[in-house]
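Next come the chains, spelled out residue by residue.
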Amino acid sequence: MRNIIVNNGNIDLSFFGSFDGVEDKLSFKLIGIKDNLEYLEDIPYRKFEDLAMVPICMVRNAEIGEGHITIKNSHLDLWGITYDRLWENLIENAAKISRIKLVSMSDFLGEEYINNSGFLQNIIIVSNKEQNYGAGAILYPGVLEKISDKYGKNLYVLPASVHEVLVLPERGDENEAEMLESIVRQVNAGVLTREEFLSDKIYYYEKSVGNLAVCE
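Residues numbered from 1 in each chain as written. Predicted model: local features only at pLDDT ≥ 70, side-chain atom pairs only at ≥ 80, totals over all residues. Heavy atoms only, no water.

1. A few points about the overall build of the protein chain
Moving on, step 1. Along the backbone of the protein chain there are 8 helices and 11 strands.
Moving on, step 2. Out of the 216 residues belonging to the protein chain, those deemed buried represent 45%.
Moving on, step 3. Sequence separation of at least 24 residues holds for 62% of the intrachain contacts in the protein chain that already meet a minimum separation of 6.
Moving on, step 4. Looking at the protein chain as shown, the accessible area adds up to about 11500 Å², and 46% of this sits on carbon and sulfur atoms. (Helix = DSSP H or I, 4+ residues; strand = E, 2+ residues; numbered from the N terminus. Buried < 20%, exposed > 50% of the residue type's maximum accessible area, 1.4 Å probe, protein only. Contact = heavy atoms within 4.5 Å. Areas by Shrake-Rupley, 256 points an atom, 1.4 Å probe, with all protein chains shown as cover.)

2. Topic: empty space enclosed by the protein
One way to see where empty space is left: roll a probe the size of a water molecule over the atoms.
Moving on, step 1. Applying the stated criterion to the full structure yields 2 cavities of 30 Å³ or more.
Moving on, step 2. Space inside the largest cavity adds up to approximately 60 Å³.
Moving on, step 3. As for the largest cavity, its lining consists of Leu30, Phe48, Leu51, Ile138, Leu139, Val157, Pro159, Val165, Leu198, Tyr203 and Leu212.
Moving on, step 4. Classifying every residue of the lining of the largest cavity gives 11 nonpolar, no polar and no charged.
Moving on, step 5. In terms of lining, the second largest cavity is formed by Phe28, Met53, Ile91, Ala94, Ala95, Leu139, Tyr140 and Pro141. (1 Å grid on protein atoms, 1.4 Å probe; cavity = no way out; pocket = protein on both sides within 12 Å on 5 of 7 lines; lining within 4 Å. Points joined across faces, edges and corners; volume = space filled by probe spheres on them. Nonpolar A, V, L, I, M, F, W, Y, C, P; charged D, E, K, R; others polar.)

3. Observations concerning the pairing of strand β8 (residues 155-158)
Moving on, step 1. Taking every second residue as pointing to the same face, both faces of β8 are buried, with Leu155 and Val157 on one and Tyr156 and Leu158 on the other.
Moving on, step 2. The sheet contact formed by β8 and strand β9 (residues 165-169) spans 4 bridges and is antiparallel. Paired with Val157 across the strands is Val167, a residue of β9.
Moving on, step 3. As consecutive antiparallel partners, β8 and β9 are separated by 6 residues.
Moving on, step 4. As defined by bridge partners, β8 adjoins strand β10 (residues 203-206) across 3 bridges and the pair is classed as antiparallel. The residue bridging Tyr156 from the neighbouring strand is Tyr204, located in β10. (Pairing = 2+ DSSP bridges.)

4. Re the layout of surface pockets
Moving on, step 1. Reported here for the largest pocket is a volume of approximately 260 Å³.
Moving on, step 2. Looking at the largest pocket, the residues that line it are Lys29, Ile31, Gly32, Asp35, Asn36, Tyr39, Tyr133, Val162, Arg194, Glu195, Phe197 and Leu198.
Moving on, step 3. The dominant element in the lining of the largest pocket, judged by the number of residues it contributes, is strand β2 (residues 26-32), at 3 residues.
Moving on, step 4. Tallied by class, the residues present in the lining of the largest pocket amount to 6 nonpolar, 2 polar and 4 charged.

5. Describing the environment of Ile56
Moving on, step 1. Structurally, Ile56 is set in strand β4 (residues 51-61).
Moving on, step 2. Residue contacts for Ile56: discarding those within four places in its chain leaves Lys25, Leu26, Ser27, Phe28, Lys29, His68, Ile69, Thr70 and Ile71.

6. What to know about the packing of aromatic side chains
Moving on, step 1. Tallied over the entire structure, the rule returns 7 aromatic pairs.
Moving on, step 2. Each ring, one from Phe19 and one from Trp79, has its centre 5.9 Å from the other, and the planes form 50°; the classification is tilted. Here Phe19 is found in helix α1 (residues 19-22), whereas its partner Trp79 is found in helix α3 (residues 73-79), with 60 residues between them in sequence. Of the two residues examined, Phe19 and Trp79, each falls in the buried class.
Moving on, step 3. Every member of this aromatic cluster is reached through a ring pair, and the members are Phe15, Phe16, Phe19 and Trp79.
Moving on, step 4. If you follow Lys29 out to its NZ or CZ, it ends over the ring of Tyr133, 4.7 Å from the centre. (Phe/Tyr/Trp six-rings, centres within 6.5 Å; stacked < 30°, edge-to-face > 60°. Lys NZ or Arg CZ within 6 Å of the ring centre and 35° of its normal.)

7. Concerning the nonpolar core
Moving on, step 1. Among the nonpolar cores identified, the biggest contains 41 residues, and Phe16 and Val167 are the most heavily contacted of them.
Moving on, step 2. When sequence neighbours within four positions are dropped, the list of residues in contact with Val167 reads Asn122, Ile123, Ile124, Val126, Ile138, Leu144, Ile147, Leu155, Tyr156 and Val157.
Moving on, step 3. Counting 12 residues, the second largest nonpolar core, distinct from the first, contains Met105, Leu180, Val184 and Cys215. (Core = buried A, V, L, I, M, F, W, Y, C linked by side-chain atoms within 4.5 Å.)

None of this, on its own, says anything about what the molecule does.
Structure below.
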């Protein structure tokens, strides 16, 4: 899924001139704030802990396939809408525009591999159907509630990349959070490119209050 330049003459972007034309195409992607401060200066993003929810307009075209246009502050002026209206639309419709995809690690790797690793059991990979900039799907309404209800436990959320996150139920092991954060840091340092990196932190979902936050 590529980022599309708005003035590309090869693609009909006439719909982009009004909010009515884009409101059924809006979603968001997740990126880290710290490494993207300059990029975020002209974007009406929403902050979540150390992450930025970046508004995008999904474009599906026979010539380019699937892509997106990053929404800038100037676009809000063009459409005559407020920041609050933009995000009210996004939160309501993102899951319809870029649908969630949940895959168990056992389905992804195979039962034989999973049976040899207690850590990998019960992990769920959360992304979107495109599996591209899908980490934001973890913030869709009800997603973590549904997973925590499945296991009846609090959850850890590990940022695998900007494309997906891993969710697993709390086991209550000693130093569990420290171990998980160490794994995330090792993977980030050895596997991910700078463009794919999301965060070195892990997140904790407390089932009783329905709250997701950085795990301190």
